[in-house]
Amino acid sequence: MNSQQHRLTTERKIFPYGRMDLYNLVADVGSYSSFVPYCTGSRILERRVGQDGVVTMDAELMVGFLAFKESYISRVTCRPYESVQAEASSSTPLFKTLQTTWRFQPASSTSPHLSSGLLLHGDARNSVPVDSHAPDAGPTLVTLDIAFAFENPLHSALSAKFFGNVSMLMVQAFEERCLAVYGSGAK
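Model, not experiment: these values are computed from the prediction.

The rules behind these values
Residues numbered from 1 in each chain as written. Predicted model: local features only at pLDDT ≥ 70, side-chain atom pairs only at ≥ 80, totals over all residues. Heavy atoms only, no water. Helix = DSSP H or I, 4+ residues; strand = E, 2+ residues; numbered from the N terminus. Contact = heavy atoms within 4.5 Å. Buried < 20%, exposed > 50% of the residue type's maximum accessible area, 1.4 Å probe, protein only. Pairing = 2+ DSSP bridges. Axes fitted to C-alpha atoms, helices over the stretch in contact; angles between N-to-C directions. Expected span 1.5 Å × (residues − 1).

Trainee: Break down the environment of phenylalanine 174 for me, with residues and values.
Mentor: Tracing the sequence through the fold places phenylalanine 174 in helix 3 (residues 166–182). Residues phenylalanine 174 and valine 26 lie 148 residues apart in sequence; the distance between their C-alpha atoms is 8.4 Å. Those residues in contact with phenylalanine 174 that lie beyond four places of it in its chain are Phe15, Leu22, Leu25, Val26, Phe35, Trp102 and Val142.

Trainee: Tell me about unusual backbone geometry, residues and numbers included.
Mentor: One can expect most non-glycine residues to show negative phi and most peptide bonds to be in trans. Residue tyrosine 38 is not a glycine yet carries a positive backbone phi of 75°. By secondary structure assignment, the location of tyrosine 38 is in the loop between helix 1 (19–27) and strand 2 (39–49).

Trainee: Kindly report on the side chain of serine 83, identifying the contributing residues and their values.
Mentor: Mapped onto the fold, serine 83 is located in strand 5 (residues 83–88). By relative accessible area, serine 83 is classed as buried at 14%. Apart from the residues lying within four places of it in its own chain, the contact partners of serine 83 are Tyr23, Thr77, Cys78, Trp102, Arg103 and Phe104.

Trainee: If you had to explain the sheet that holds strand 2 to someone new, which residues and values would you point to?
Mentor: Pairing is antiparallel in the open sheet, where seven strands are placed in the order 1-7-6-5-4-3-2. Edge positions in the sheet fall to strand 1 (7–15) and strand 2, since each of these pairs with one other strand and no more. The mean inter-strand angle of the sheet, taken between neighbouring strand axes irrespective of direction, is 15°. Pairing between strand 4 (residues 68–79) and strand 5: six bridges, direction antiparallel. When the sheet's bridge partners are listed, cysteine 78 is paired in strand 5 with valine 84. Running over the sheet, helix 1 touches strand 1, strand 3 (55–65), strand 4, strand 5, strand 6 (95–106) and strand 7 (140–150) and is turned about 160° from strand 6. Helix 3 rests against strand 1, strand 6 and strand 7 of the sheet, and its axis sits at about 30° to strand 1.

Trainee: Mind laying out helix 3, listing which residues take part and the relevant values?
Mentor: The terminal C-alpha atoms of helix 3 lie 23 Å apart, and with 17 residues this matches the ideal 24 Å at 1.5 Å per residue to within 8%. All of the buried residues in helix 3 are Val166, Ser167, Met170, Val171, Ala173, Phe174, Glu175 and Cys178. At the C-terminal side of helix 3, glycine 183 shows a positive phi close to 80°.

Here it is in structure tokens:
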């Protein structure tokens with residue numbers, strides 16, 4: 001497989017909300033269809049909580065874009081207030097590989113907030129050590145990484161024009177969801 005078939009996209013943005021609130025939205029797999037672009041449905045098949053508090057779920061996700069509609073199973077690993085990682089199972093008909101990782105890091109109180117519209121691409125200078133404030137305190141630097149390759153070359157060719165922007169669309173949709181659930185976050 002050549003490198004053009006494997007893609008990695010990353011988006012970073014500072015939100016005025018605490019890590020706890022942001023984590024809770026992303027860890028709510030059952031609500032993905034209400035804000036995740038191209039997700040038309042989701043359901044949790046199995047949920048396990050480890051002694052360390054890490055939640056692992058097997059979830060069925062239904063996606064639709066262009067004329068394609070498919071479903072696949074993802075293993076979702078939720079590390080409270082730190083990250084949510086979803087990896088498509090090997091039996092996925094749509095993706096050869098698909099891994100989505102949301103990370104939540106405390107950000108400096110002097111950092112620009114979501115109302116400024118500033119996206120930070122690959123710049124972690126505004127992050128501060130995790131222990132520097134509680135999980136319910138903001139602001140928070142959110143990083144979204146999506147690594148993917150389509151199983152079918154036709155899907156890859158048809159989606160190349162818009163799928164590269166999917167991480168940006170997901171962060172925008174996440175921002176809209178935050179505004180709907182938590183308000184502006186202004187203090």
